[in-house]
Structure formats: structure tokens, C-alpha cells
Amino acid sequence: MNNYRLILASNSPRRKELLAGLDIDFQVRVIDGIDESYPADLPTRQIAEYISQKKAAAYRESMAVDELVITADTIVVLGDEVMGKPHDEADACRMLRELSGKTHQVITGVTLTTRERQQSFSVLTDVTFKTLSDDEIHYYVTHYRPFDKAGSYGIQEWIGYIGVTALNGSYFNVMGLPVQRIYEALRTF
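Along each chain, the written sequence defines residue order, and numbers are assigned to residues from 1. Local features in this predicted model are restricted to residues whose pLDDT is 70 or higher, and side-chain atom pairs enter the listing and the counts only when it is 80 or higher, whereas totals over whole chains, interfaces and linings include all residues. Side-chain descriptors were evaluated using all non-hydrogen atoms of the structure, hydrogens and water having been removed beforehand.

Q: Would you mind going over helix α3 (residues 89–99) with me for this structure?
A: Because the α-helix completes a turn every 3.6 residues, residues three or four places apart line up on one side. Only protein chains enter the accessibility calculation, which uses a 1.4 Å probe; a residue whose area is less than 20% of its type maximum is buried, one above 50% is exposed, and one in between is partly exposed. Numbering of helices and strands runs from the N terminus; a helix is a DSSP stretch of H or I covering at least four residues, while a strand is a stretch of E covering at least two. Burial in α3 covers these residues: Asp91, Ala92, Cys93, Met95, Leu96 and Leu99. When checking whether two residues touch, look at their non-hydrogen atoms; a contact exists if any pair is within 4.5 Å. Of the surrounding elements, those touching the buried residues of α3 are β3 (67–78), β4 (81–83), β5 (103–113), β6 (118–129) and α4 (134–144). Between the side-chain oxygen at the start of α3 and the backbone nitrogen of Ala90 there is a gap of 3.2 Å, and the oxygen is on Asp88. Where α3 terminates, the next one or two residues include Gly101, which has phi positive at roughly 75 degrees. N or O atoms closer than or at 3.5 Å make up a polar contact, with two conditions inside protein: a donor-capable atom paired with an acceptor-capable one, and, for residues adjacent in sequence, both atoms drawn from side chains.

Q: Looking at this model, I keep getting lost on the pattern of salt bridges. Mind explaining?
A: Here the idea is simple: oppositely charged side chains can pair when their charged atoms come close. Each reported salt bridge corresponds to a side-chain nitrogen of Lys or Arg within 4 Å of a carboxyl oxygen of Asp or Glu. A full pass over the atoms with the stated rule returns 16 salt bridges. Of the charged contacts in the structure, one is a salt bridge between Glu67 and Arg5, with a shortest N-O distance of 3.0 Å. Residue Glu67 is located in strand β3, and its partner Arg5 is located in strand β1 (residues 5–8); the two are separated by 62 residues in the primary sequence. A cluster of three or more residues bridged by salt bridges with shared partners is formed by Arg5, Arg29, Asp66 and Glu67.

Q: Mind showing me how you'd approach the layout of surface pockets here?
A: In this approach, a probe sized like a water molecule rolls over the atoms, and the result shows the empty space that is left. Space inside and on the surface of the protein is sampled on a 1 Å grid over the protein atoms alone, with a cavity defined as a set of points where a 1.4 Å probe fits but cannot get out and a pocket as an open set with protein on both sides within 12 Å along at least 5 of 7 lines; lining residues have an atom within 4 Å of a point. Grid points are joined across faces, edges and corners, and a volume is the space filled by probe spheres set on the points. Here the largest pocket defines a volume of roughly 760 Å³. Forming the walls of the largest pocket are 37 residues, and the residues nearest its centre are Arg15, Lys55, Asp73, Lys85 and Asp148. Per-element tally for the lining of the largest pocket: the top contributor is β3, with five residues. Looking at the lining of the largest pocket, its residues break down into 19 nonpolar, nine polar and nine charged. Three residue categories are used. Nonpolar comprises Ala, Val, Leu, Ile, Met, Phe, Trp, Tyr, Cys and Pro, charged comprises Asp, Glu, Lys and Arg, and polar comprises the others, including Gly.

Read these as spatial facts, not as claims about activity.
In C-alpha cells:
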């Protein structure tokens with residue numbers, strides 16, 4: 001990574017914390033208002049990677065020759081339903097009720113971009129919740145206000161402590177950044 005200045009294109013405190021855990025220097029740069037829509041017929045497993053590529057395209061023109069930008073997008077998928085960020089408290093509770101007692105997938109798409117090159121990948125993690133009571137859901141939503149989180153939850157918060165019964169894949173992916181995979185990709189970029 002000596003050839004590049006690393007840029008994290010995210011305001012997420014979780015992503016900043018996770019990338020910092022790799023002990024590499026980086027800066028944060030955020031462009032507001034990037035369109036995160038995707039074609040309705042896009043296969044579910046490709047959505048997060050597609051959006052991460054869209055985010056990368058917004059940065060490409062303003063990048064310096066020595067910069068490498070990391071963009072990412074995380075989605076929660078239950079069956080064929082993509083659960084984005086909740087609109088309000090009622091929507092957050094609805095999502096958690098749907099996830100309750102089931103296994104869902106968390107998919108993070110990542111794109112590494114320089115002026116000359118781009119590499120994208122997705123990481124999928126299966127997460128299983130116990131059957132959550134309405135009181136547990138209400139407590140979590142009112143105390144933790146997960147309105148900036150896909151699927152209405154943060155695994156590193158109270159709901160993860162009491163609700164997640166199984167995990168198959170990367171824990172850090174569920175937090176929003178598959179840092180082990182990013183580390184390997186940066187080593188070979």
C-alpha cells in the first residue's frame with residue numbers, strides 16, 4: 001500500500017473503526033447524495049456490489065493519481081426481500097419481527113478504485129436470530145435507534161448480544177466492512 005493514499009468513502013463510525021483495526025493509514029472522504037438505486041431485476045446477491053461500484057464512480061473523477069478509494073454497501077436479505085435502513089420506528093420494529101426466529105444473509109459489496117484500476121467483491125454472512133419478543137424489539141429500537149442500519153440492527157449492540165444465536169461467516173461483515181477480505185485484496189491490489 002506504499003504506492004497509494006487510502007481513502008474510506010464512508011461516514012459510518014463502524015466502518016471507520018473496522019478499517020482502523022487493520023493498522024493502516026487512511027483518510028475519510030464523503031460525497032453526499034450519491035444515488036443508491038439499483039435495477040429491479042438485478043439478482044439480490046449482486047445488489048450490494050452494484051451499489052458499491054456506483055459509489056466508486058462518484059469518486060473517480062476527483063481522485064488523485066496516488067489515491068485508492070474504498071466504497072462499500074451492506075444489505076440484509078431475508079428470503080428475496082432486501083431490508084434497507086428503516087424509515088421510522090414502526091418500520092424498524094417490523095423488520096426485526098420479520099428477522100425474529102429466522103436466518104438471514106448480510107451481504108457487503110466492496111469496491112477498491114484507483115484512476116487506473118478497479119476491483120469489486122461481495123462477502124455474505126448468515127445470521128440467525130432467536131425468536132425475539134415484542135418487548136425486546138421495542139426496547140432495542142427505542143434505546144438504540146437503529147435507523148442508520150440495514151435490517152434495523154447492529155450486531156455489536158444489545159440486540160446482537162441477546163438475539164443472535166448463530167453466525168456463519170464474517171462477524172465484521174455484519175458490522176458493515178469485511179476487513180479480512182479487504183486486507184487480502186489490498187495486499188494483492
